[in-house]
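# Survey of secondary and tertiary structure
Listed below are the residues making up each chain.
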Amino acid sequence: MKKVSIFSASFLSAIAFATVMFFNACTSDPCKDIVCMNGGTCISGTCDCTTGYEGTDCSTESRTKFAGTWTAADACSSSGTSSYIVTMSNGATVVDVNITNFWDVFANSVKATVNGSTISIASQEPDNDGFKVSGQGSISGNNITWSYTIDGSSAGSGVDVCTSTWTK
């Protein structure tokens, strides 16, 4: 009788172990074959990228779509309409860009920050001449739509509020 109890317990243990192993073998890790670059993390089979990177494997810098030469078309409250060329290049960090010839005036680069498809200019005085710039834009394809302000109050010039479309 004792042999039957030991055999039954062993048999039931083996069945329980086999059942657990069977169900665990059917559960696959969706991140098993996913490699996320630049500090990205795989969540449920998809890369969650760190700030400054995008793409299915986080290998693309978000700011690369902003780099290059753009034709700007401004409509401003004080200075009217104008068209000119600007250039955007990489800045100091993976989220920074430098914009040369912003507003067709600034000799020094305007510093901007990229977050996905949005670009922001924190208030700054690029040429140290009393004119400050601040604003925000968003990219869609080969166009950036901007809303920005030039504050020349300390230079005795007033405020110029602009909307602008830049085309690559």
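One structure accompanies this document, and this report is about it. This structure is a prediction, so every number in the text was calculated from the model and none was measured. (Residues numbered from 1 in each chain as written. Predicted model: local features only at pLDDT ≥ 70, side-chain atom pairs only at ≥ 80, totals over all residues. Heavy atoms only, no water.)

## Topic: the state of the cysteines
Counted by the stated rule, this structure contains 4 disulfides. Between the sulfur atoms of Cys 36 and its disulfide partner Cys 47 the distance amounts to 2.1 Å. Residues Cys 36 and Cys 47 share a disulfide whose torsion about the S-S bond is about -95 degrees; that sign makes it left-handed. Within this pair, whereas Cys 36 is found in the loop between α1 (2-26) and β1 (41-43), its partner Cys 47 is found in strand β2 (residues 46-48), the two being separated by 11 residues in sequence. (Disulfide = S-S within 2.5 Å. Helix = DSSP H or I, 4+ residues; strand = E, 2+ residues; numbered from the N terminus.)

## As for the pattern of salt bridges
Counted under the stated rule, the structure contains 2 salt bridges. Note that Glu 54 is salt-bridged to Lys 65, the shortest N-O span being 2.8 Å. Here Lys 65 lies in the loop between β4 (60-61) and β5 (68-76) and Glu 54 lies in strand β3 (residues 53-54), a separation of 11 residues in the sequence. Assessed through its relative accessible area of 27%, Glu 54 is described here as partly exposed. We classify Lys 65 as partly exposed; its relative accessible area is 24%. Linking Arg 63 and Glu 61 is a salt bridge whose minimum nitrogen-to-oxygen distance equals 2.8 Å. Note on Arg 63: relative accessible area 7%, which makes it buried. Glu 61 sits in the partly exposed class, given a relative accessible area of 23%. (Salt bridge = Lys/Arg side-chain N within 4 Å of Asp/Glu carboxyl O. Buried < 20%, exposed > 50% of the residue type's maximum accessible area, 1.4 Å probe, protein only.)

## Some thoughts on the side chain of Gln 124
Position of Gln 124 among the secondary structure elements: in strand β9 (residues 118-124). Judged by relative accessible area, Gln 124 falls into the buried class, the value being 15%. Looking at Gln 124, its side chain comes within polar contact range of the main-chain oxygen of Lys 111, at 2.7 Å. If we skip the residues at most four places from it in the chain, Gln 124 touches Ser 109, Val 110, Lys 111, Phe 131, Lys 132 and Val 133. (Polar contact = N/O pair within 3.5 Å; in protein donor to acceptor, adjacent residues only side chain to side chain. Contact = heavy atoms within 4.5 Å.)

## Some thoughts on unusual backbone geometry
Positive phi is not limited to glycine here, since Asn 38 has a value of about 50 degrees. Assignment of secondary structure puts Asn 38 in the loop between α1 and β1. Note on Asn 38: relative accessible area 39%, which makes it partly exposed.

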